[in-house]
Amino acid sequence: MFDVALKSAGAQVVLATSSDGNHPPENIIDGDQETFWASTGLFPQEFIVTFSSMMSIQRIEIACFNVKKLSFQTSKENEPLNFEDLLDKEFDATDNTLQQEEFPLNNKRANHLRVIIESGYDHFVSVHRLSINGNAIHG
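Residues numbered from 1 in each chain as written. Predicted model: local features only at pLDDT ≥ 70, side-chain atom pairs only at ≥ 80, totals over all residues. Heavy atoms only, no water.

Chemist: Lay out the packing of aromatic side chains in plain terms, naming residues and giving numbers.
Modeler: Any pair of aromatic rings gets described here by the distance separating the centres and the angle formed by the planes. Tallied over the full model, the rule gives two aromatic pairs. An angle of 65 degrees between the planes, with centres 5.4 Å apart, marks the rings of Phe72 and Phe103 as edge-to-face. Taken together, the positions of Phe72 in strand β5 (residues 67-75) and Phe103 in strand β7 (residues 99-120) put the pair 31 residues apart, joining distant regions of the chain. Like Phe72, the residue Phe103 is buried in the burial classification. The ring centre of Phe91 lies 6.0 Å from the NZ or CZ of Lys89, which sits over that ring. Seen from the ring of Phe83, Arg114 lies directly overhead, with NZ or CZ sitting 4.2 Å from the centre. (Phe/Tyr/Trp six-rings, centres within 6.5 Å; stacked < 30°, edge-to-face > 60°. Helix = DSSP H or I, 4+ residues; strand = E, 2+ residues; numbered from the N terminus. Buried < 20%, exposed > 50% of the residue type's maximum accessible area, 1.4 Å probe, protein only. Lys NZ or Arg CZ within 6 Å of the ring centre and 35° of its normal.)

The following block contains the structure:
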């Protein structure tokens, strides 16, 4: 198993609903929790990560700030289309600390992962790291 959502593993952020030049969406998958993607206000916000190939996902980990509710969806298509609901999570508010959550999965297959931030505790939220432990599916 390895982090299939890292840019260095071939993953890409192919869509983000907002972008700040100082905190671009690519920061989500750079492996550095000190960098982050910041939304530019309004909800929902979303981003889509495309993997280098079909992956079998065992666990998703996310580190974010000011997120109230988010949803994960997956797609097995070649293009990021026809997403299926995977899970929803409501976060507790935290005072100046990152919200860090881990979601075990049972070998969920996906070419793409969509993360939808439905609401936040403030107008702006940030995602510091998305880590997805999995393996490439061959054949």
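Chemist: So what about the UniProt feature "domain: F5/8 type C" (unreviewed entry) in the chain? Which residues, and what values?
Modeler: Feature annotation in UniProt assigns "domain: F5/8 type C" (unreviewed entry) to the following positions: residues 16-125. Secondary structure content for residues 16-125 is 0% helix and 56% strand, and the end C-alpha separation is 13 Å. (UniProt positions renumbered as here; feature names shortened; annotations may be inferred.)

Chemist: Before we move on, can you summarise the pairing of strand β8 (residues 126-136) with the specific residues and values?
Modeler: Counting buried residues along β8, eight of its 11 residues qualify, which places the element largely inside the surrounding structure. In this sheet, β8 lies alongside strand β1 (residues 2-3) in antiparallel orientation, the contact comprising two bridges. Note on β8: the bridge partner recorded for Phe2 is Gly134. Summarising the sheet, strand β3 (residues 37-38) and β8 pair through two bridges and their orientation is antiparallel. Its bridge partner being in β8, Trp37 is matched across the sheet by Val127. The pairing of strand β4 (residues 45-65) with β8 spans 10 bridges and is classified as antiparallel. Directly across from Ile60, in β8, lies its bridge partner Ile132. (Pairing = 2+ DSSP bridges.)

Chemist: Any details on the nonpolar core? Residues and values, ideally.
Modeler: Counting residues in each nonpolar core, the largest one holds 30 residues, and the members touching the most others are Phe47, Phe51, Ile60, Ile62, Phe72, Leu130 and Ile132. Contributing elements (two or more residues each) for this core: β4, β5, β7 and β8. The element that contributes the greatest number of residues to this core is β4, accounting for eight residues. Dropping the residues within four chain positions of it, Leu130 is found in contact with Asp3, Ala5, Ile28, Phe47, Val49, Ile60, Glu61, Ile62, Phe72 and Leu113. (Core = buried A, V, L, I, M, F, W, Y, C linked by side-chain atoms within 4.5 Å. Contact = heavy atoms within 4.5 Å.)

Chemist: Account for a negative patch on the surface, naming residues and giving values.
Modeler: A surface patch of like charges, here negative, comprises Asp85, Asp88, Glu90 and Glu118. Per-element accounting of the negative patch gives the leading share, three residues, to strand β6 (residues 84-90). Structurally, Glu118 is set in strand β7. (Patch = residues over 30% accessible without salt bridge, like charges linked within 9 Å, V, L, I, M, F, W, Y side chains within 5 Å. Areas by Shrake-Rupley, 256 points an atom, 1.4 Å probe, with all protein chains shown as cover. Salt bridge = Lys/Arg side-chain N within 4 Å of Asp/Glu carboxyl O. Lys, Arg positive; Asp, Glu negative; His and termini not counted. Charge placed at Lys NZ, Arg CZ, Asp CG, Glu CD.)

Chemist: Explain the environment of Ser52 residue by residue, including any values.
Modeler: Following the sequence through the fold, Ser52 ends up in strand β4. Considered as a pair, Ser52 and Gly120 are 68 residues apart in the sequence and their alpha carbons are 30 Å apart.

Chemist: Describe the side chain of Asn66, naming the residues involved and giving the relevant values.
Modeler: Structurally, the position occupied by Asn66 is in the loop between β4 and β5. Excluding residues that lie within four positions of it along the chain, Asn66 makes contacts with Gln99, Gly120, Tyr121, Asp122, Phe124 and Val125.

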